[in-house]
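Geometric and topological summary
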Amino acid sequence: MVVYAYRRSRDPRHVAFERVRRAFRWTVAGATTAVIVIVGVVAHEIPGRSTSAATASNTTPAVNASPTPPPTPTGGGGSPSPPVTAPTPTQQAPTAVSGGTGW
Amino acid sequence: MVTGGAPAPRRLGPVGGVTHLRALGTTVTLAVDRHRTLAEAEDILRDELDAIDRACSRFRSDSEIWSLYAHGRAVRVSPLLHQAVVVALTVAERTGGAVDPTVGLAVEALGYDRDFAAVAALGPALDTAPTAAPGWWCVELDHRRRTIRLPPGVHLDLGATAKALAADRAAQRIASSTGSGALVSAGGDLAVAGPSPPGGWAVTIAVDSTGPLGSGPVVAVRDGGLASSSTVVRTWHRGGRRLHHIVDPATGDSASEHWRLVSVAAASCVDANAASTAAIVWGERARGRLEAMGLPARLVRHDGAVVTVAGWPTDGTDRSGSPPMPVDASR
């Protein structure tokens, strides 16, 4: 009842105090929203160590910025895949040579 | 840069055609199973090789990869360079770091800092001891923005994977554009796509990809890719010590010479190249790892012994007439 009486008070001091509280609430809410928006914009605009590198595609490596290699570096990337058919012996005249080289 | 200066085009079998050109510091062979598509296929191949050279060459000051070394900041790159770096990092991950693109400065420190034809065969001892590569995980990619950031002091060597990527891309594009079966061999790392000729594409396995067609055993390839890596070609000497171009990222030095030649067949040229290069770095452990991956492979030790795994045929079809080397089954 005391509270009710307080809220309903027409005392100018209480009215002013209520306005200050209301303004403070709006200020906190606005500042929080602004911080969220700014952080989102910065994270969106500045590329770099974002998780998008690891999740953008299933066919790309989980690139990270760790100073050390992942504990199981081949775990997520699989391994080179075998051909559908293995090479077979042949007596045909060769078309190309596969040997050592570099670039 | 793609140039001519190679043997003239010739017919292949009853209807196919084959031609050669110089690119990426090596000889590139193109074969199609329909001769009438050869000219169009060659145009496509030249386009792909030129594009990969402009994007990835560490020997051209105007190549796009040099833009990554500017300020250690994120750089937006072309779709092709982005793809080449993604492929290189994927290979690094899949090989447990044995094939790592961040060996760029290590390779340069060993003396391979220009087109191989211009690398001095002999030179004084190296100024500094080799150091381990920074590691592929330090490369920062943003797929959505297509940016790459390298920490200062990190250079990439995309040589192995980019060449294989070019072969895969070209073969696929030729097959889809012309309807012809195609074989593209970039310095011995080859990709096939589309219908293969009856019996498959016949390929000689040799230590040196510039060697004659009859210099080793011949196998037929019908799909995917085939690549070979060797420690006895592309070599040079510094201070009396022989170096080669396959660098162990863990040491920054030329990999141990347990194998002189490793040839691997895989689902693509990129995968084959990754496995053959990694096998050199893995040394003695390579045989078991390739077997576990189910990758058909032929490994030649430095004493000449040949080991085959995962369905690679034993050497019995050497067109040079030389008998197959003994296989030591204990290893």
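Sequence order sets the numbering: in each chain, residues are counted from 1 along the sequence as written. All chains are assigned letters beginning with A, and all ligands numbers beginning with 1, in the order in which they are written. A pLDDT threshold of at least 70 governs which residues receive local features in this predicted model, and a stricter bar of 80 or more applies before side-chain atom pairs are shown or counted, although totals over entire chains, interfaces and linings include all residues.

**Some words on helix H1 (residues 38-56) of chain B**
All names here are of chain B. Selection criterion: Put simply, DSSP H or I for four residues or longer makes a helix, DSSP E for two residues or longer makes a strand, and each gets a number counted from the N terminus. One less than the residue count of a helix, multiplied by 1.5 Å, gives the span that helix is expected to have. The burial criterion counts other C-beta atoms lying within 10 Å of a residue's C-beta, which is placed from the backbone; the residue is buried at 20 or more, exposed at 12 or fewer, and partly exposed between these limits. C-beta atoms are first placed from the backbone for all residues, and any pair lying within 7 Å is then listed as a contact.
Here H1 contains 19 residues, and its C-alpha end-to-end distance of 26 Å stays within 8% of the 27 Å for a straight helix at 1.5 Å per residue. Looking only at H1, the buried set comprises Leu38, Ala41, Ile44, Leu45, Glu48, Leu49, Ile52, Asp53, Ala55 and Cys56. Against the buried residues of H1 lie strand S2 (16-23), strand S3 (26-32), helix H2 (79-94), helix H4 (159-178) and strand S8 (182-186).

**Notes on the nonpolar core**
For the record, the criterion: By definition, a nonpolar core groups buried Ala, Val, Leu, Ile, Met, Phe, Trp, Tyr and Cys residues that are joined through C-beta atoms within 7 Å.
Judged by nonpolar contacts, the single largest core of 104 residues is most densely connected at B:Ala171, B:Val184, B:Val264 and B:Ala279. When near neighbours in sequence (up to four residues on either side) are disregarded, B:Ala279 contacts B:Ser229, B:Trp259, B:Val262, B:Val264, B:Ala286, B:Leu290, B:Ala297 and B:Leu299.

**A word on H2(B)**
Given 3.6 residues per helical turn, the α-helix brings residues three or four places apart onto the same face. Residues and elements named next belong to chain B. With 16 residues, H2 should cover 22 Å at 1.5 Å per step; its first-to-last C-alpha distance of 22 Å lies within 8% of that length. Burial of H2 is extensive: 13 of the 16 residues sit out of reach of the surface. Following H2 by one or two positions, glycine 96 adopts a phi angle in the positive range, close to 65°.

**Thoughts on the sheet that holds strand S6 (residues 140-142) of chain B**
All names here are of chain B. What counts here: Strands qualify as paired when DSSP identifies two bridges or more between them.
On the basis of which strands lie adjacent, the open sheet formed by three strands has the order S4-S7-S6 and antiparallel pairing. Single-partner strands in this sheet number two, and they are strand S4 (75-76) and S6. Pairing of S6 with strand S7 (residues 147-149) involves three bridges; the strand directions are antiparallel. Note that in S7 the partner of glutamate 140 across the bridge is arginine 149.

**Points about the environment of B:Gly239**
Residues and elements named next belong to chain B. Assignment of secondary structure puts glycine 239 in the loop between strand S13 (235-238) and strand S14 (241-244). Using a count of 10 C-beta atoms within 10 Å as the deciding quantity, one classes glycine 239 as exposed. Here the alpha-carbon distance between glycine 239 and alanine 125, two residues 114 residues apart in the chain, equals 3.7 Å. If we ignore the near neighbours within four places in the chain, the residues touching glycine 239 are Pro124, Ala125 and Leu126.

**Section: the environment of B:Thr95**
Residue and element names in this part refer to chain B. One can find threonine 95 in the loop between H2 and helix H3 (104-109). Measuring from C-alpha to C-alpha, the distance between threonine 95 and alanine 279 comes to 9.2 Å, with 184 residues separating the pair along the chain. With near-sequence residues (within four places) excluded, threonine 95 lies in contact with Ala274 and Ala278.

**Quick notes on the packing of H4(B) against helix H5 (residues 269-282) of chain B**
Residue and element names in this part refer to chain B. Worth spelling out the cut-off: For every element, the axis is a line fit to its C-alpha atoms; helices are fit only across the contacting stretch, and the angle between N-to-C directions ranges from 0 to 180 degrees. By definition in this entry, angles of less than 35 degrees are roughly parallel, angles greater than 145 are roughly antiparallel, angles of 65 to 115 are roughly perpendicular, and the rest are oblique. For any helix crossing, the convention is left-handed if the near helix is rotated counterclockwise from the far helix by under a right angle, and right-handed if that rotation is clockwise. Ten residue types, Ala, Val, Leu, Ile, Met, Phe, Trp, Tyr, Cys and Pro, are classed as nonpolar, four, Asp, Glu, Lys and Arg, as charged, and the remainder, Gly among them, as polar.
In the contact formed by H4 and H5, the axes pass within 8 Å of each other and the chain directions differ by 150°. Relative to H5, the element H4 lies roughly antiparallel. Once H4 is placed against H5, the crossing between them reads as right-handed. Contacts from Ala160, Thr161, Ala164, Leu165, Ala167 and Asp168 of H4 reach H5 at Cys269, Val270, Asn273, Ala274 and Thr277. Per-class residue counts for the contact of H4 with H5 are seven nonpolar, three polar and one charged.

**So, the packing of H1(B) against H2(B)**
Residues and elements named next belong to chain B. Where H1 meets H2, the axes come as close as 9 Å, and the angle between the chain directions of the two elements is 75°. In terms of orientation, H1 and H2 fall into the roughly perpendicular class. For the pair formed by H1 and H2, the contact residues are Ala51, Ile52, Ala55 and Cys56 on the first element and Leu80, Leu81 and Ala84 on the second. Class assignment of the residues belonging to the contact of H1 with H2 gives a composition of seven nonpolar, no polar and no charged.

**Details of the confidence of the model for chain B**
Residue and element names in this part refer to chain B. This is how the line gets drawn: The predictor reports its confidence for every residue as pLDDT, a score running from 0 up to 100.
Confidence in the prediction of chain B, expressed as mean pLDDT, is 84, and 85% of residues score 70 or more. When the criterion is pLDDT under 50, residues 317-331 qualifies, and its contacts beyond four places in sequence or with other chains add up to 26 contacts. Across the whole predicted complex the pTM is 0.75, and at the interface the ipTM reaches 0.77.

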